[in-house]
Amino acid sequence: MATRRIAVISAGLSNPSSTRMLADRLAAETVKALAGHDIEASVDVIELRDYAHDITNNLLTGFAPPALETAINTVVSADALIAVTPIFSTSYNGLFKSFIDVLDPDALTGKPVLIGANAGTARHSLAIDYAIRPLFAYLHAEAVSTGVFAASSDWGGSGDDVAPLAKRVEKGARELAEAIARRETTAVVDPYDPATYLGEGRSFGHMLGGLAGE
Amino acid sequence: MSEQSGAQAMQFGIMSVSDITRDPTTGVTPSEQERIKATLAIAKHSEEVGLDVFAIGEHHNPPFWSSSPTTFLAALAAQTERLIVSTSTTLITTNDPVRIAEEYAMLQHVSDGRMDLMLGRGNTGPVYPWFGQDIRQGLPLAIENYALLHKLWREDVVDWDGKFRTPLQGFTSTPRPLDGIAPFVWHGSIRTPEIAEQAAYYGDGFFANNIFWPKEHYQRLIELYRQRYAHYGHGTPEQAIVGLGGQVFMAAKSQDAVNRFRPYFDNAPVYGHGPSMEDFTEMTPLTVGSPQQVIDRYAAMREHYGDYQRQLFLIDHAGLPLKTVLEQLDILGSEVVPVLRKELAKDRPAAVPDAPTHAARVKAEFGDGPTRQARPGANRGDNLTGDSPYQDSPAPAPAGAAFGLSRKEA
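Numbers given to residues run from 1 along each chain, matching the order in which its sequence is written. For this description, chains carry letters from A and ligands carry numbers from 1, given in the order in which they are written. In keeping with the predicted nature of the model, local features appear solely for residues at pLDDT of at least 70, side-chain atom pairs appear and are counted solely at 80 or more, and the whole-chain, interface and lining totals rest on all residues. Hydrogens are left out, water is left out, and the side-chain values use all remaining heavy atoms of the structure.

1. Regarding the interface of chain B and chain A
How big an interface is tends to be reported as the loss of accessible area on association of its parts.
Step number 1: Any pair of residues with heavy atoms lying within 4.5 Å of one another is described as a contacting pair. Each side of the interface is counted separately: chain B has 31 residues, and chain A has 23 residues.
Step number 2: Buried surface area refers to the total accessible area, computed with a probe of radius 1.4 Å, that the two partners give up upon joining, counted for both partners together. Between chain B and chain A the total buried area reaches about 2100 Å² when both faces are included, carbon and sulfur atoms providing 70% of it.
Step number 3: Salt bridge, as used here, is a side-chain nitrogen of Lys or Arg placed within 4 Å of a carboxyl oxygen of Asp or Glu. Where chain B touches chain A, the interface holds zero salt bridges.
Step number 4: In protein, a polar contact means a hydrogen-donor-capable atom and an acceptor-capable atom, both N or O and within 3.5 Å, with residues adjacent in sequence counting only if both atoms are side-chain atoms; elsewhere, any N or O pair within 3.5 Å suffices. At the junction of chain B and chain A, the tally comes to three residue pairs in polar contact (both at pLDDT 80 or more).
Step number 5: Numbering of helices and strands starts at the N terminus; helices are DSSP runs of H or I of at least 4 residues and strands are runs of E of at least 2. Those elements that place two or more of their residues in the side of chain B that touches chain A are helix 5 (138-154), helix 6 (193-202), helix 7 (215-231) and helix 9 (277-283) of chain B.
Step number 6: When its residues are assigned to classes, the side of chain B that touches chain A shows 18 nonpolar, six polar and seven charged. Each residue receives one of three labels: charged for Asp, Glu, Lys and Arg, nonpolar for Ala, Val, Leu, Ile, Met, Phe, Trp, Tyr, Cys and Pro, and polar for the others, Gly being one of them.

2. Quick word on the sheet that holds strand 10 (residues 242-244) of chain B
Within a sheet, each strand pairs with its neighbour through backbone hydrogen bonds, oriented either parallel or antiparallel.
Step number 1: Only strands joined by at least two bridges in the DSSP assignment are considered to pair. Across the sheet, nine strands lie side by side as 3-2-1-13-10-9-8-5-4 (chain B); this open sheet has parallel pairing. Across the chains shown, the open sheet's two edge strands, defined by having one partner strand only, are strand 3 (84-87) and strand 4 (90-91) of chain B.

3. Comments concerning the pattern of salt bridges
Step number 1: Counted under the stated rule, the structure contains 30 salt bridges over all chains.
Step number 2: A salt bridge links Asp154(A) to Arg168(A), with the nearest nitrogen and oxygen atoms 2.8 Å apart. Within this pair, whereas Asp154(A) is found in helix 6 (residues 152-156), its partner Arg168(A) is found in helix 7 (residues 165-181), the two being separated by 14 residues in sequence. By the burial criterion, Asp154(A) is buried, and Arg168(A) matches it.
Step number 3: Glu327(B) serves as the salt-bridge partner of Lys323(B), at 3.0 Å between the closest nitrogen and oxygen. Highlighted residues: Lys323(B) and Glu327(B), both in helix 12 (residues 322-345), separated by four residues, approximately one helical turn. Whether a residue is buried, partly exposed or exposed follows from its accessible area with a 1.4 Å probe, protein chains only, as a fraction of its type maximum: under 20%, in between, or over 50%, in that order.

4. Concerning the nonpolar core
Step number 1: Residues Tyr225(B), Phe261(B) and Leu332(B) are the most contacted members of the largest nonpolar core, which totals 114 residues.
Step number 2: Take this core: its biggest share by element is nine residues, from helix 5 of chain B.
Step number 3: Sequence-distant contacts of Leu332(B), that is, excluding residues within four places in its chain, are made with Ile14(B), Leu51(B), Met250(B), Phe313(B), Ile315(B), Val337(B) and Pro338(B).
Step number 4: Counting 38 residues, the second-largest nonpolar core is a separate cluster that includes Val75(A), Val113(A), Ala131(A) and Leu139(A). To form a nonpolar core, buried Ala, Val, Leu, Ile, Met, Phe, Trp, Tyr and Cys residues must be joined to one another through side-chain atoms within 4.5 Å.

5. A short note on the packing of helix 1 (residues 18-35) of chain A against helix 7 of chain A
All names here are of chain A.
Step number 1: Whenever a helix is involved, its axis is fitted only over the stretch in contact; in every case the axis is a line through C-alpha atoms, and angles between N-to-C directions fall within 0 to 180 degrees. Contact geometry for helix 1 and helix 7: axes closest at 8 Å, N-to-C directions at 50°. As summarised for this structure, helix 1 and helix 7 are arranged oblique, according to the angle between their axes. Regarding helix 1 and helix 7, the two cross each other, and that crossing is right-handed. Across the interface between the two elements, Leu 22, Arg 25, Leu 26, Glu 29, Thr 30, Ala 33 and Leu 34 from helix 1 touch Leu 165, Ala 166, Val 169, Glu 170, Ala 173, Arg 174, Leu 176, Ala 177 and Ile 180 from helix 7. By definition in this entry, angles of less than 35 degrees are roughly parallel, angles greater than 145 are roughly antiparallel, angles of 65 to 115 are roughly perpendicular, and the rest are oblique. Crossing handedness follows the turn of the near helix against the far one: under a right angle anticlockwise gives a left-handed crossing, and clockwise gives a right-handed one.

6. Some points on the pairing of strand 3 (residues 80-88) of chain A
Residue and element names in this part refer to chain A.
Step number 1: Counting buried positions over the nine residues of strand 3 gives eight, a clear majority of the element.
Step number 2: Sheet analysis places strand 1 (residues 2-10) next to strand 3, joined by five bridges and oriented parallel. What sits directly across from Ala 7, in strand 3, is Leu 81.
Step number 3: Judged from the six bridges that link them, strand 3 and strand 5 (residues 112-119) form a sheet pairing that is parallel. Note on strand 5: the bridge partner recorded for Ala 83 is Ile 115.
Step number 4: Examined bridge by bridge, strand 3 and strand 4 (residues 91-92) share two bridges and lie antiparallel to one another. Opposite Ile 87, over in strand 4, you have Tyr 92 as the bridge partner.

Here it is as structure tokens:
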């Protein structure tokens with residue numbers, strides 16, 4: 001049985017957090033869907049609240065303190081990402097964006113992503129598509145077409161009779177599982193391997209182009 | 001050859017980023033003139049307390065003043081006896097390599113070889129368009145411009161056709177390097193593996209900033225540089241030439257150092273208003289405490305990075321007043337560097353080269369024989385199509401060499 005690693009980031013600010021609840025449901029459902037592809041998956045959940053000071057320090061100094069660095073490595077080396085944020089002022093919250101901002105701009109290229117969001121009312125549900133999805137498009141991540149939005153009413157009862165939360169979670173998770181199953185395990189690229197920056201078997205003379213006659 | 005200092009395993013010195021910063025404890029911001037003269041006093045005092053190197057950054061934006069490092073370093077060289085003057089860094093991306101070749105060769109002559117330079121790409125994006133360049137080409141500029149600089153110092157007559165500057169036909173950069181030896185070059189980097197590769201390719205020095213980030217970043221870069229230095233046939237990994245930055249603030253009592261430095265740390269450009277001083281000192285080489293704590297921390301650098309050749313400390317930034325910086329230099333010179341010299345010399349393998357000096361590099365090239373002394377040939381009014389522009393003396397040019405002594409190609 002193949003194995004994959006899923007990273008989950010939750011940008012909820014309270015504890016307990018409904019953002020985290022949504023994240024957990026998306027993760028559990030994805031693991032279940034992957035089992036249907038005969039793929040075993042492990043899940044690492046990162047509560048961004050725990051790294052709020054480190055994220056700010058990273059923005060100011062340019063480097064990640066050790067705990068944050070571990071979290072970043074967990075995200076960038078994962079086979080897939082589940083990213084969940086509360087909606088603040090029609091968009092992802094600042095903590096969520098600040099975490100994205102300390103990642104290398106190329107770190108999420110090609111990575112399957114399932115977007116989740118929550119807010120007080122369903123009127124914010126399109127924020128996934130007009131605010132969050134463009135962010136991942138910019139980063140060349142591959143967000144699955146379903147984004148899962150949960151309003152307060154979804155938790156209190158059957159907020160949506162036509163497509164209840166459980167169904168939406170199941171749909172998003174199925175799409176993410178399919179995206180994961182289509183891919184090879186994420187290869188770790190070592191930026192300090194000369195083959196990475198020069199090309200396999202090439203010398204620095206190659207970077208000099210015609211100047212070094214190579 | 002007037003350099004007096006003998007071979008030294010390690011060079012110690014200070015590096016300044018030339019910031020003009022408000023002193024957070026007094027609210028006073030020095031004027032440019034005050035800060036420039038203060039930096040000159042600091043640099044001169046570094047020689048008086050027994051340090052070997054003074055290095056200055058190059059910046060073209062306030063609050064920095066050192067837009068013209070060679071002018072400053074020439075004045076410093078004229079007022080010192082044995083101090084090596086250097087840069088940290090010279091911008092290889094936005095300076096025309098022809099100007100770098102000329103200005104630093106001139107500095108080499110007037111300082112009698114007491115100079116070298118460190119190359120970097122720059123600290124701010126806008127500097128590129130100010131000098132007609134594009135930041136998206138930062139790395140290609142660093143690679144191509146250095147290829148030209150390297151050639152200009154090693155070949156009397158250069159033909160050049162590159163991507164970033166107008167072609168050169170039969171161009172001679174003057175003055176020719178002192179004694180026929182190009183200035184020693186360190187390639188400085190905070191995070192770019194390609195720059196470590198570049199240093200290794202040429203067999204030049206590699207300088208890791210070692211200030212702002214955790215040591216693990218620099219360890220990977222230095223290890224890469226050492227491996228690639230060997231890969232390109234310049235020696236073993238242990239024989240690569242490594243320099244490190246560092247940052248300290250000291251007082252006899254550790255707690256006094258902490259109390260006195262904290263307002264400067266908390267308001268410093270780069271990391272102020274970010275991590276606590278305690279966190280930052282734990283994560284990076286910044287050491288705030290007693291001289292012994294500094295000794296312990298920096299004597300351990302060789303364990304992280306291997307035996308190395310140059311250690312530069314940043315001590316004059318963030319608004320620290322001149323008096324304080326001079327006191328820091330006194331402590332460095334009397335209590336810290338002498339001990340570090342001994343500690344870092346212990347069990348240093350014989351194969352590890354000494355720090356590079358002009359004198360040592362002349363000797364490696366010419367032994368005890370005469371060095372190259374370039375003299376232009378008679379002016380025919382046409383520098384491009386005439387015979388050799390240089391007539392070296394006393395020996396005539398060897399047969400087959402088109403121009404002066406044959407020089408090794410890059």
